[in-house]
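Here's the letter readout for the chains.
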Amino acid sequence: QVQLVESGGGLVQAGGSLRLSCAASGRTFATYAMGWFRQVPGKERELVAVISRGGGLTYYADSVKGRFTISRDNAKNLAYLQMNSLKPEDTAVYYCVATEEIGGSRIDEYPYWGQGTQVTVSS
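Reading guide: rules and limits
Residues numbered from 1 in each chain as written. Predicted model: local features only at pLDDT ≥ 70, side-chain atom pairs only at ≥ 80, totals over all residues. Heavy atoms only, no water. Salt bridge = Lys/Arg side-chain N within 4 Å of Asp/Glu carboxyl O. Buried < 20%, exposed > 50% of the residue type's maximum accessible area, 1.4 Å probe, protein only. Helix = DSSP H or I, 4+ residues; strand = E, 2+ residues; numbered from the N terminus. Core = buried A, V, L, I, M, F, W, Y, C linked by side-chain atoms within 4.5 Å. Contact = heavy atoms within 4.5 Å. Phe/Tyr/Trp six-rings, centres within 6.5 Å; stacked < 30°, edge-to-face > 60°. Lys NZ or Arg CZ within 6 Å of the ring centre and 35° of its normal.

Moving on to the pattern of salt bridges. Inspection of the entire model under this criterion finds five salt bridges. The shortest N-O distance in the salt bridge between D108 and R106 comes to 3.0 Å. An identical accessibility class is assigned to D108 and R106; each is exposed. In the salt-bridge network here, residues are joined through shared partners; they are R38, E46, R67 and D90.

This is the structure we're talking about:
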């Protein structure tokens, strides 16, 4: 079991930046692949980014490549999502997720979810 708590969301103008943080409980953080999903009301949740246990491998959705960066600090039990050049279409609730398996793109591959943090990008 791992508990995840997101923070760092808020309101930002288009072109601005935000950094989301995900704090994980426990001493086994480094055994989890970490990721970020986002959801707009009425739409399916979308995988944004994934990072491997050691941080050496990352994946990004095409819509955020070149703008978002996922990272982690295993010594601090923290995962991050740096979001630059934000667009109104990035507006969503962002969820931190974790899996004991190799992180993929399916929602059901991630048994551990945070409570979500709202990101709103104004035009």
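With that settled, the discussion passes to unusual backbone geometry. Here N77, not a glycine, exhibits a phi torsion of approximately 55 degrees, which is positive. Assignment of secondary structure puts N77 in the loop between β7 (68–73) and β8 (78–83). For S85, which is not glycine, the phi torsion reads 50 degrees and is therefore positive. Relative to the elements of secondary structure, S85 occurs in the loop between β8 and β9 (92–99).

Core analysis: the biggest nonpolar cluster contains 30 residues, and L4, M34, W36, L81, M83 and Y94 have the highest contact counts within it. Of all the elements in the fold, those that place two or more residues in this core are β3 (18–24), β4 (33–39), β5 (46–51), β7, β8, β9 and β11 (117–122). Residues contacting L81, with those up to four places away along its chain left out, are L18, R19, L20, W36, V48, A49, F68, T69, I70 and Y94. Ranked by size, the runner-up nonpolar core spans five residues in total, among them F37, L47, V50 and Y110.

Evaluated as defined, the whole model comprises four aromatic pairs. With a centroid separation of 5.5 Å and an interplanar angle of 75 degrees, the aromatic rings of F37 and Y110 are classed as edge-to-face. Remark: Y110 occurs in the loop between β9 and β10 (112–113) and F37 occurs in strand β4; sequence separation between them is 73 residues. For the pair shown, F37 and Y110 are each scored as buried. Measuring from ring centre to ring centre gives 5.1 Å for F37 and W113, while their planes differ by 35 degrees; the resulting arrangement is tilted. Here F37, found in strand β4, pairs with W113, found in strand β10; they are 76 residues apart in sequence, far enough to count as distant. Residue classification places F37 among the buried positions, given a relative accessible area of 1%. By relative accessible area, which is 23% here, W113 ends up partly exposed. Joined through ring pairs, the aromatic side chains of F37, Y95, Y110 and W113 make up one cluster. Its guanidinium or amino end placed over the ring of Y95, R45 lies 4.0 Å from that ring's centre, counting from NZ or CZ. The lysine or arginine in question, R72, covers the ring of F29, its NZ or CZ lying 4.5 Å from the ring centre.

Honestly, it's all geometry; don't read function into it.
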